[in-house]
Amino acid sequence: MSYLVATDGSTESDEAVRYAARQAVAFYETLEIAHVLTPDSELVDGTIILPGEEAAVEAGQGVLESARGVAEEAVDEPITVETQLLTGRPADAITDHAAAESVDAIYVGHRGLSEEREQVVGSVAKSVVDKASVPVTVIR
């Protein structure tokens, strides 16, 4: 069994990481932290190019390591943390990964780094709730 928490490095996703870490420790589960890269692609001479690919991967790994630190600081006991860098549309990547890895629960922040502030629940969180086949906890 394992728990999956998605992070984009925002304050809201850090809260989701803290909550998920406490749940994982309480139930002796592994916590998997995922970050989704959504690189902008360009079509150049018939080839798809991902500008800044190395920088995007490096930044994504930085987000994951920061989230690992947040998880470890959130609990007083040892915690097993795995990290995963995913690509694609965030909600699809998260739910597809959760299904492939047979995770037992998904945790997401209610809103991420998006500028959109009009919705009560962010579009990624809402889409994860809609698409997931396991329980999803949205952390506010």
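To be clear, the structure that these remarks concern was listed above.
Residues numbered from 1 in each chain as written. Predicted model: local features only at pLDDT ≥ 70, side-chain atom pairs only at ≥ 80, totals over all residues. Heavy atoms only, no water.

Caption draft 1: Representation of the packing of aromatic side chains in the model. Under the defined criterion, the tally for this structure stands at two aromatic pairs. Ring centres of Tyr3 and Tyr107 lie 5.8 Å apart, and the angle between their planes is 70°; on these two criteria the pair is classed as edge-to-face. Taken together, the residues span a long stretch of sequence, with Tyr3 in strand E1 (residues 2–6) and Tyr107 in strand E6 (residues 105–109) at a distance of 104 residues. A single burial state applies to Tyr3 and to Tyr107, both of which are buried. Aromatic pair Tyr19 and Tyr107: ring centres 5.9 Å apart, planes at 55°, arrangement tilted. Residue Tyr19 is found in helix H1 (residues 11–26), and its partner Tyr107 is found in strand E6; the two are separated by 88 residues along the sequence. (Phe/Tyr/Trp six-rings, centres within 6.5 Å; stacked < 30°, edge-to-face > 60°. Helix = DSSP H or I, 4+ residues; strand = E, 2+ residues; numbered from the N terminus. Buried < 20%, exposed > 50% of the residue type's maximum accessible area, 1.4 Å probe, protein only.)

Caption draft 2: Here's a closer look at the side chain of Glu32. Looking at where Glu32 falls in the secondary structure, it is placed in strand E2 (residues 30–37). A distance of 2.7 Å separates a polar atom in the side chain of Glu32 from a polar atom in the side chain of His97. In this structure, Glu32 is in contact with Tyr3, Leu4, Val5, Glu82, Gln84, His97 and Val103, ignoring residues within four places of it in sequence. (Polar contact = N/O pair within 3.5 Å; in protein donor to acceptor, adjacent residues only side chain to side chain. Contact = heavy atoms within 4.5 Å.)

Caption draft 3: Seen up close, H1. Along its 16 residues, H1 runs 23 Å from first to last C-alpha, staying within 8% of the 22 Å computed at 1.5 Å per residue. Looking at the buried side of H1, the elements it contacts are E1, E2, helix H2 (53–74), E6 and strand E7 (136–139). Looking one or two places after H1, you find Tyr28, whose phi comes out positive at around 55°. (Expected span 1.5 Å × (residues − 1).)

Caption draft 4: Spotlight on the packing of helix H3 (residues 90–100) against helix H4 (residues 123–131). Interhelical geometry of H3 versus H4 gives an angle of 35° and a closest axis separation of 9 Å. Seen from above, H3 lies across H4 with right-handed handedness. Along the contact surface, H3 presents Pro90, Ala91, Asp92, Ile94 and Thr95, while H4 presents Val124, Ser127, Val128 and Lys131. For the contact of H3 with H4, the class distribution of residues is five nonpolar, two polar and two charged. (Axes fitted to C-alpha atoms, helices over the stretch in contact; angles between N-to-C directions. Left-handed = near helix turned anticlockwise from the far one by under 90°. Nonpolar A, V, L, I, M, F, W, Y, C, P; charged D, E, K, R; others polar.)

Caption draft 5: Here's a closer look at the packing of H1 against H2. Relative to each other, H1 and H2 sit at 45°, their axes nearing to 8 Å. It follows from the interaxial angle that H1 and H2 lie oblique. Judged by the sense of rotation from one axis to the other, the crossing of H1 with H2 is right-handed. Residue-level inspection shows Asp14, Val17, Arg18, Ala21 and Arg22 of H1 in contact with H2, the latter providing Ala67, Val70, Ala71 and Ala74. Taken together, the residues that form the contact of H1 with H2 break down as six nonpolar, no polar and three charged. (Parallel < 35°, antiparallel > 145°, perpendicular 65-115°, else oblique.)

Caption draft 6: Examining the sheet that holds E6 more closely. One open sheet holds the five strands; their spatial order is E5-E2-E1-E6-E7, and the pairing between them is parallel. With partners counted over all chains shown, the strands left at the sheet margins are strand E5 (81–87) and E7, one partner each. For this sheet, the mean angle separating the axes of adjacent strands, direction not counted, is 25°. By the bridge criterion, three bridges tie E1 to E6 in an arrangement that is parallel. Considered in E6, the bridge of Leu4 is made with Ile106. Relative to E6, H1 is tilted by about 150°, and along the sheet it contacts E1, E2, E6 and E7. (Pairing = 2+ DSSP bridges.)

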